[in-house]
Amino acid sequence: MKRMDWDFFKGKRVFVTGHTGFKGSWLCRILLQAGAQVTGYALPPPAGPNLFSLAELEGHINSVLGDVRDLPRLKEAFQQAQPEVVFHLAAQPIVRESYKDPVATYETNVMGTVNLLECVRVLQVPVRSVVIITTDKVYENKGWAWGYRENDPLDGHDPYSNSKSCAELAAHSYITSFFTQGPAVSTVRAGNVLGGGDFAHDRILPDCVRAVQAGRHILVRNPASVRPYQHVLEALFAYLMVAQGQSENKDLAGWYNVGPEDQDCVTTGQLVQLFCQAWGKDAAWEDRAEPGAPHEDSFLKLDCSKLKTAFDWRPQWNAAIAVEKTVAWTREWLAGGSAAQEMDREISEYKEGF
């Protein structure tokens, strides 16, 4: 299987939920480079710095503001867009936020997915390929030292992870109940993504940037936790590859992990140390346990053999490179440079090796 034909998306009508978010903004920027006709559907971007605005997407894509929990509004946007390819990224993505508001987390992550699939099911649109983005945290975490495979049990612990497990089950039901003769649908479970333009709270590198900007030490609450950290482009190019592949060969539709090589899974402490080295100056961190903090799994790796076998895929940028790229983007933005041009530069660089 060839990995991806960049020309596949040229002229394609592509529908992206969650396009105002971190991943969604990067994905839309890639699709613009590829010549796609993009419609995005999402909540307004957050106040303050946000990647959607910095990526200069307004006016270059059809941006529809709406909530994935609002099925009539989503149907209207979907019908007007007449998409051929769909990427479902809209989500409440923060673990600690899911403890604060589990109801909204389940409503967004489960019913948002159901609503998207319902649009595919009932509307007369020419969809051939649907990629639903979940997370590496969908698995029942047993704390073992090897990576989880796609056939391991789903049972995320916290409300965010569990809601994504439920979204996986909903997608499986729609596939087997309604799409055996219809469009190809896959779910993709990505590890923790890094990259320029992530301004979310309770994410490690954005927290690092805020700390050094304020002249503070970076406080790391779980430095020994192991996570499959990867640059955002690793995950996004995998999504694009799956979307194209299953559109041309429905047998490729399924469930896929995407993450770094096993030796590139690092602890949070190691990741923060990489950030300090890349940032330089007085960047420093300290271990600061948080009493009474909600549960977070301490060890998580992914086995990506299925993606490698089906698509001849391999990750390109390890954790150190991912951190260096994030720091480079951040410094360009802080210096008043063009975030969109920096994104295009990194996308082009990544594409050369893909």
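Okay, so let's go over this structure. (Residues numbered from 1 in each chain as written. Predicted model: local features only at pLDDT ≥ 70, side-chain atom pairs only at ≥ 80, totals over all residues. Heavy atoms only, no water.)

Right, let's get into the overall build of the protein. Looking only at helices and strands, one finds 12 helices and 13 strands in the protein. Radius of gyration (C-alpha) of the protein: 19 Å, near the 20 Å computed for a compact globule of 354 residues. Counting only C-alpha atoms and orienting by the principal axes, one finds that the protein spans roughly 55 × 45 × 40 Å. Taking all 354 residues of the protein together, the buried fraction comes to 55%. (Helix = DSSP H or I, 4+ residues; strand = E, 2+ residues; numbered from the N terminus. Rg over C-alpha atoms; globule rule 2.2 N^0.38 Å. Buried < 20%, exposed > 50% of the residue type's maximum accessible area, 1.4 Å probe, protein only.)

The next subject is helix H8 (residues 232-248). The terminal C-alpha atoms of H8 lie 25 Å apart, and with 17 residues this matches the ideal 24 Å at 1.5 Å per residue to within 8%. Burial runs high along H8: 16 of the 17 residues are buried. (Expected span 1.5 Å × (residues − 1).)

Our next topic: the sheet that holds strand E4 (residues 85-88). Here we have seven strands laid out as an open sheet, ordered E3-E2-E1-E4-E5-E6-E11, and parallel in their pairing. Looking along the sheet, the strands with just one partner apiece sit at the ends: strand E3 (62-65) and strand E11 (255-258). If you compare each strand with its neighbour and ignore which way they point, the axes differ by 20° on average. As paired elements, strand E1 (residues 13-17) and E4 share four bridges and run parallel to each other. Bridge pairing in E4 links Val16 to Phe87. Seen against the sheet, helix H1 (residues 22-34) touches E1, strand E2 (37-42), E4, strand E5 (129-133) and strand E6 (184-190) and runs at an angle of roughly 170° to E1. (Pairing = 2+ DSSP bridges. Axes fitted to C-alpha atoms, helices over the stretch in contact; angles between N-to-C directions. Contact = heavy atoms within 4.5 Å.)

Another point: the pairing of E5. Both faces of the sheet carry side chains from a regular strand, because those side chains alternate between them. Most of E5 is tucked away: five of the five residues are buried. Along E5, one buried face is formed by Ser129, Val131 and Ile133 and the opposite face, lined by Val130 and Ile132, is buried too. Judged from the five bridges that link them, E5 and E6 form a sheet pairing that is parallel. Paired with Ile133 across the strands is Val188, a residue of E6.

Before going further, it helps to spend a moment on H1. With 13 residues, H1 extends 19 Å from end C-alpha to end C-alpha; this agrees with the ideal 18 Å at 1.5 Å per step. Here H1 lies mainly inside the structure; 11 of its 13 residues are buried. Listing the buried residues of H1 in full gives Phe22, Lys23, Gly24, Ser25, Trp26, Leu27, Cys28, Arg29, Ile30, Leu31 and Ala34. One or two steps after H1, the chain reaches Gly35, where phi turns positive at roughly 85°.

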